[in-house]
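The chain contents come next:
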Amino acid sequence: MDLSPGVLILCSLLASVLSLCAVAGQAAVVTVEPRTATVRQGESASFRCQLSGGAQPVGPIEWKRSNNQALPDNAKLGPGGSVLTIVSARPANQGQYHCKAGSSAGRGSATALLNVKFAPKVRLTPAGPLRVRMGDPVSVECRATGRPRPKLTWKRQGSTLQLVTSEANDVNTIRWPAIHPEDSGVYICQGVNNEGVTEVKVEIVVEGGLGAPVASVGATEMTVVEGHTVTMECQASGSPPPVITWSKLRAPLPWKHTVANGVLTLTSVGRQDSGQYICNATNMHGYSEAYVQMEVESPPYATCLPDQVRLQPGDSLSVQCLAHGSHPIRFEWSRVGRTSLPAGAHSTRDGQLLIAHVKLSDSGTYKCVATNHIGSSEALAKVIIKA
């Protein structure tokens, strides 16, 4: 069928309009890089939103969380909004982030996923301390959050043996169908993943029942300073009145000790006295134990190795500062009689003093000061340089 020139022109215009409509109907192609980021808690992550082909966006670039939620307070946007940075990421920042951008062809969106890994956070129900009657059923539930998903285990304080528990729906439960006095003690639920280990403790005290002993201590944990005198008090109920004795786990009691009226006194403790101390209360109906974990901390004692060194100009100098004591220990080097170390000298975190090529003017006495949270100690190294 032949068409008139007017009809042909009309059809051509109509085809052009339909083509423009098709183009206008296409959404802009938006991309986000990277599409997925995984960071540890406290680290930062950035995502870049852009139009394909390097096209310039028309209007603002918008970022939202899932369900159209606003960005968290630790989210920062770069110039033009194209870069989203989550600063010092928190576990709550995990999830999807949606970027919307527009061009002359329309608006489009893309999605990025942020994973935040963090060490376990452990919670016990009930939290304790628990005072229960002998023969009662007792259970304590342990829950943990963390990424990756933590593994939960129970142990008794002073023992490395894993206890038999039940686990269901991410809850690890320790149970006693009928609890006994010897079950008194401190129990620890431990959550472990690749990011760390977290422990939460609960103390269980079993009371009463046919005059059986129930022992308890004034403090289950103590940290003391080397050289001090320490007292640990143990009390016990029961009929007849229990006999109280003290012992130390896998070691004899320190030789400087006395026991009177259930009180253990340790004189001038040293670091070797750290460990678990056990109060045992015994009568004709049975026995009961209570535990005290003691850690002895000490100030540093510093030495230099070597404490005197002879070198020629151009030789390298390396002096190591060593310190015994409770960690962490911080080392600081200085030069006696001078305000600063010579040019070219530097010290390392582990206590080394280094000079790659010494000069005659580097001769002198160098001082290392080792410091921890208890105190400090200093040691000297004499450096002699002769041509």
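Numbering of residues starts from 1 in every chain and runs along the sequence as written. Residues qualify for local features only when their pLDDT is at least 70, as the model is predicted, and side-chain atom pairs are given and counted only at 80 or more; totals for whole chains, interfaces and linings, by contrast, use all residues. Note that water and hydrogens are dropped before the side-chain values are worked out from all heavy atoms of the structure.

Chemist: Help me out: how do you make sense of the overall build of the protein chain in this one?
Modeler: For the protein chain, the helix and strand inventory stands at one helix and 31 strands. The atom set for the radius of gyration is the C-alpha atoms, and the globule formula is 2.2 Å times the number of residues raised to the power 0.38. Against the 2.2 N^0.38 benchmark of 21 Å for 387 residues, the protein chain shows a C-alpha radius of gyration of 35 Å, more extended than a compact globule. Counting only C-alpha atoms and orienting by the principal axes, one finds that the protein chain spans roughly 120 × 85 × 25 Å. Two residues form a contact once any of their heavy atoms are found within 4.5 Å. Of the contacts made within the protein chain by residues no fewer than 6 positions apart, 62% connect residues no fewer than 24 positions apart. By the criteria applied, helices consist of DSSP H or I runs no shorter than four residues and strands consist of E runs no shorter than two, each listed in order from the N terminus.

Chemist: Sorry if this is basic, but what is going on with the packing of aromatic side chains here?
Modeler: Two aromatic rings are characterised by how far apart their centres lie and by the angle between their planes. The pairing test for Phe, Tyr and Trp rings, Trp by its six-membered ring, is centres within 6.5 Å, and the orientation test on the planes gives stacked under 30 degrees, edge-to-face over 60, and tilted for anything in between. On inspection of all chains with the given rule, the structure shows one aromatic pair. Between Trp 176 and Tyr 187, the aromatic rings sit 5.0 Å apart at their centres with planes inclined by 70 degrees, giving edge-to-face as the arrangement. In this pair, Trp 176 sits in strand 13 (residues 171-176) while Tyr 187 sits in strand 14 (residues 185-193), placing the two residues eleven residues apart along the sequence.

Chemist: Looking at this model, I keep getting lost on the side chain of Arg 335. Mind explaining?
Modeler: In this structure, Arg 335 sits in strand 27 (residues 330-335). Burial status follows relative accessibility: with a 1.4 Å probe on protein chains alone, a residue under 20% of its type maximum counts as buried, one over 50% as exposed, and anything between as partly exposed. A positive count includes Lys and Arg, and a negative count includes Asp and Glu. His and the chain ends are not counted in either. Take a side-chain nitrogen of Lys or Arg and a carboxyl oxygen of Asp or Glu: if they are within 4 Å of each other, that pair is a salt bridge. An unpaired buried charge is present at Arg 335: no salt bridge exists, and Asp 362, the closest side chain of opposite charge, is 4.7 Å distant. When neighbours within four sequence positions are excluded, Arg 335 is seen to be in contact with Ser 340, Leu 341, Pro 342, Ser 361, Asp 362, Ser 363, Thr 365 and Tyr 366.

Chemist: What exactly am I supposed to notice about the pattern of salt bridges here?
Modeler: Pairs may arise between side chains of opposite charge once their charged atoms sit close together. Counted under the stated rule, the structure contains ten salt bridges. Across the pair Asp 170 and Arg 149 runs a salt bridge, and its minimum N-O distance is 2.3 Å. Here Asp 170, found in the loop between strand 12 (166-168) and strand 13, pairs with Arg 149, found in the loop between strand 10 (138-147) and strand 11 (151-156); they are 21 residues apart in sequence, far enough to count as distant. Residue classification places Asp 170 among the partly exposed residues on the basis of a relative accessible area of 43%. Glu 332 is paired through a salt bridge with Arg 330; the nearest N and O atoms lie 3.8 Å apart. Classification of Glu 332 as partly exposed rests on a relative accessible area of 48%.

Chemist: What am I meant to see in the environment of Arg 90 here?
Modeler: As for its placement among the helices and strands, Arg 90 is situated in the loop between strand 6 (83-86) and strand 7 (95-103). Residue Arg 90 is classed as partly exposed on the basis of its relative accessible area, which comes to 35%. Put simply, Arg 90 and Pro 72 are 18 residues apart on the chain and 10.0 Å apart in space, counted from C-alpha to C-alpha. With sequence-adjacent residues up to four places away left out, Arg 90 is seen in contact with Pro 72, Asp 73, Asn 74 and Val 116. A polar atom in the side chain of Arg 90 sits 3.4 Å from the side chain of Asn 74. Throughout this description, a polar contact denotes any pair of N or O atoms lying within 3.5 Å of each other; where both atoms belong to protein, one of them has to be capable of donating a hydrogen while the other can accept it, and for residues adjacent in sequence the pair is counted only when both atoms sit in side chains.

Chemist: Explain unusual backbone geometry here, please?
Modeler: Peptide bonds are trans in most cases, and residues, glycine excluded, mostly fall at negative phi. Of note, the bond from Thr 125 into Pro 126 is cis; its omega dihedral lies within 30 degrees of zero at -5 degrees. On the secondary structure map, Pro 126 appears in the loop between strand 8 (106-125) and strand 9 (130-133). At the junction of Gly 128 and Pro 129, the peptide bond is cis and its omega measures out at 0 degrees in the coordinates. Of note, Asp 170 is a non-glycine position whose phi angle comes to about 65 degrees, a positive value.

Chemist: Mind showing me how you'd approach the state of the cysteines here?
Modeler: Every disulfide links exactly two cysteines, by a covalent bond between their sulfur atoms. By disulfide we mean two sulfur atoms from cysteines, separated by a distance within 2.5 Å. Within the structure shown, the criterion is met by four disulfides. One disulfide bridge connects Cys 142 with Cys 189, the sulfur atoms lying 2.0 Å from each other. A torsion of -85 degrees about the S-S bond marks the disulfide between Cys 142 and Cys 189 as left-handed. In this pair, Cys 142 sits in strand 10 while Cys 189 sits in strand 14, placing the two residues 47 residues apart along the sequence. Across the pair, Cys 189 and Cys 142 agree in class, each one buried. If you count the bonded cysteines of the protein chain from the N-terminus, they pair up as 1-2, 3-4, 5-6, 7-8.

Chemist: What is the right way to read the sheet that holds strand 31 (residues 376-385) from this model?
Modeler: Within a sheet, each strand pairs with its neighbour through backbone hydrogen bonds, oriented either parallel or antiparallel. A sheet is described by the order of its strands in space; here four strands give the open sequence 25-31-30-27, paired in mixed fashion. A single partner strand is all that each edge strand has here, and the edge strands are strand 25 (308-311) and strand 27. Each strand axis lies, on average, 25 degrees off the axis of its neighbour in the sheet, ignoring direction. Pairing geometry for strand 25 and strand 31, over four bridges, is parallel. In this analysis, strands are considered paired if DSSP registers two or more bridges between them. Axis definition: a line fitted to C-alpha atoms, limited for helices to the stretch in contact. Angles are taken between N-to-C directions and run from 0 to 180 degrees.

Chemist: What exactly am I supposed to notice about the pairing of strand 30 (residues 364-371) here?
Modeler: Here is the key point about a regular strand: its side chains alternate between the two faces of the sheet. Judged from the six bridges that link them, strand 27 and strand 30 form a sheet pairing that is antiparallel. Following the sheet pairing, Trp 333 is matched in strand 30 by Cys 368. Pairing geometry for strand 30 and strand 31, over eight bridges, is antiparallel. What sits directly across from Lys 367, in strand 31, is Leu 380. The turn joining strand 30 and strand 31, which pair antiparallel and follow one another in sequence, is formed by four residues.

Chemist: Even after reading the chapter, I still don't get the sheet that holds strand 29 (residues 352-355), so can you show me in this structure?
Modeler: Read across the sheet, four strands follow the order 24-26-29-28 without closing on themselves; strand pairing throughout is antiparallel. The sheet is open, and its two edges are formed by strand 24 (301-305) and strand 28 (345-347), each paired on a single side. Neighbouring strand axes in the sheet, compared pairwise and without regard to direction, differ in orientation by 15 degrees on average. Sheet topology note: the strand 24/strand 26 (residues 317-324) ladder contains five bridges and is antiparallel. Residue pairing for strand 26: Thr 303 is matched across the bridge by Leu 322.

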